[in-house]
Amino acid sequence: MQILAEFIKKIAEAKKVCVLTGAGISAESGVPTFRGSGESAVWKGMPVEEISSARMVTENLDEVWEWFDYRREVLKDCQPNHAHRALMLWESRLRENFLLVTQNVDGLHSQAGSRNILELHGNIQRLKCTKGCRLKYEMLPTEIPHSPDICDLCDAPLRPDVVLFGEMLPEGYFEYAVEFTRDCDLFLSIGTSAFVYPAAGLAEVAKRNGAFCVEINPEETPLSDIYDESLRGKAGEILPKLLGIETGHFH
Ligand code: NAD
Ligand code: ZN
């Protein structure tokens, strides 16, 4: 895909940038997405909205763990791709004027070296207490299945530290993203189906406040119309071109 020089220049000149990423940015690393190509993921006959839900944690925590251990197993051999690395380099140019807001729970952005990351939906390698106290626990990526554990403070079972369907985002996270996005001159959304709110609403905030809004996704999304530019293709191919980065340096 050819990207216009004028467009590349516009990206290079951006002074304050917010990037929102979704499962699509990790697809080229081998991490399955939930949606795309008109299909929705299913685990043991259950749609992800059901197995990954707050209700399932109360009703069948073992099954939730089985699903998350399966996802961790898939993730074990996955590495960050060109798109994750390109974002890391972009951040190193703009520093505190660059915020990476991710809906992904796979940790691949931090593995690629990004620092200023807001993990809106948590991280699949962390656990938290089902009683909702503030203690968090880390798991080794290789610890599959996870060792069943209870909270040191409350004696309650632990669950994945991931925001499930029907749950609120961690307090203050989205508010911070909105605040940052308000005075951005560029907003870039990569590999998100734009179905999951409030994350999807960030593009609307950017648009209302006059940022130039760009989407990278091989498919059209419900929000495609609000973007000034939609680049149809794979993140790992488009992003380095857009930023003028030679991917040969990545190896
Ligand atoms: P999604 O699965 O709903 O949508 C993925 C999107 O990525 C689709 O629009 C698809 O067209 C696009 N896509 C596919 N391949 C791409 C590529 N190579 N480059 C660019 N785009 C590509 O994902 P979502 O919008 O992030 O929402 C799903 C929810 O599921 C999120 O809340 C997230 O927490 C969770 N999830 C996370 C992971 C992960 O951590 N890697 C994986 C699956 C789901
Ligand atoms: Zn606890």
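The coordinates are above.
The rules behind the values
- Residues numbered from 1 in each chain as written.
- Chains lettered and ligands numbered in written order.
- Predicted model: local features only at pLDDT ≥ 70, side-chain atom pairs only at ≥ 80, totals over all residues.
- Heavy atoms only, no water.
- Pairing = 2+ DSSP bridges.
- Helix = DSSP H or I, 4+ residues; strand = E, 2+ residues; numbered from the N terminus.
- Axes fitted to C-alpha atoms, helices over the stretch in contact; angles between N-to-C directions.
- Contact = heavy atoms within 4.5 Å.
- Donors = N, O, S within 2.8 Å, 3.2 Å for Na, K, Ca; no water.
- Phe/Tyr/Trp six-rings, centres within 6.5 Å; stacked < 30°, edge-to-face > 60°.
- Buried < 20%, exposed > 50% of the residue type's maximum accessible area, 1.4 Å probe, protein only.
- Expected span 1.5 Å × (residues − 1).

Caption draft 1: Looking closely at the sheet that holds strand 7 (residues 136-138). Here 3 strands make up an open sheet; going across it, the order is 7-6-8 and the pairing antiparallel. At either end of the open sheet lies a strand with only one pairing partner, and these are strand 7 and strand 8 (158-162). Averaged over neighbouring strand pairs, the angle between their axes works out to 45° when direction is ignored. Examined bridge by bridge, strand 6 (residues 122-129) and strand 8 share 5 bridges and lie antiparallel to one another. Along strand 8, the bridge assignment pairs Asn123 with Asp161. Contacting strand 6 and strand 8, helix 4 (residues 61-75) runs over the sheet at an angle of about 50° to strand 8.

Caption draft 2: Summary view of the coordination of the zinc ion (ligand 2). Distances from the zinc ion (ligand 2) to its protein donors, Cys129 (SG), Cys133 (SG), Cys151 (SG) and Cys154 (SG), fall within 2.2 to 2.4 Å. As a motif over one chain, the donors of the zinc ion (ligand 2) read C-x3-C-x17-C-x2-C. Separated by 21 residues along the polypeptide, Cys133 in the loop between strand 6 and strand 7 and Cys154 in the loop between strand 7 and strand 8 bring together distant segments of the chain.

Caption draft 3: Layout of the packing of aromatic side chains. Going through the model one piece at a time under the given rule, you end up with 7 aromatic pairs. Where Trp43 meets Trp67, the ring centres are 5.7 Å apart and the plane angle is 45°; that geometry is what we call tilted. You can see Trp43 sitting in strand 2 (residues 42-43) and its partner Trp67 sitting in helix 4, a full 24 residues away along the chain. The same class applies to Trp43 as to Trp67, namely buried.

Caption draft 4: Here's a closer look at helix 4. Taking 1.5 Å as the rise per residue, helix 4 with 15 residues should run 21 Å; its terminal C-alpha atoms sit 21 Å apart, in good agreement. Buried within helix 4 are the following residues: Leu61, Glu63, Val64, Trp65, Trp67, Phe68, Asp69, Arg71, Arg72 and Leu75. Looking at the packing, one finds that the buried side of helix 4 touches strand 2, strand 3 (46-47), helix 2 (48-51), helix 3 (54-59), strand 6 and strand 8.

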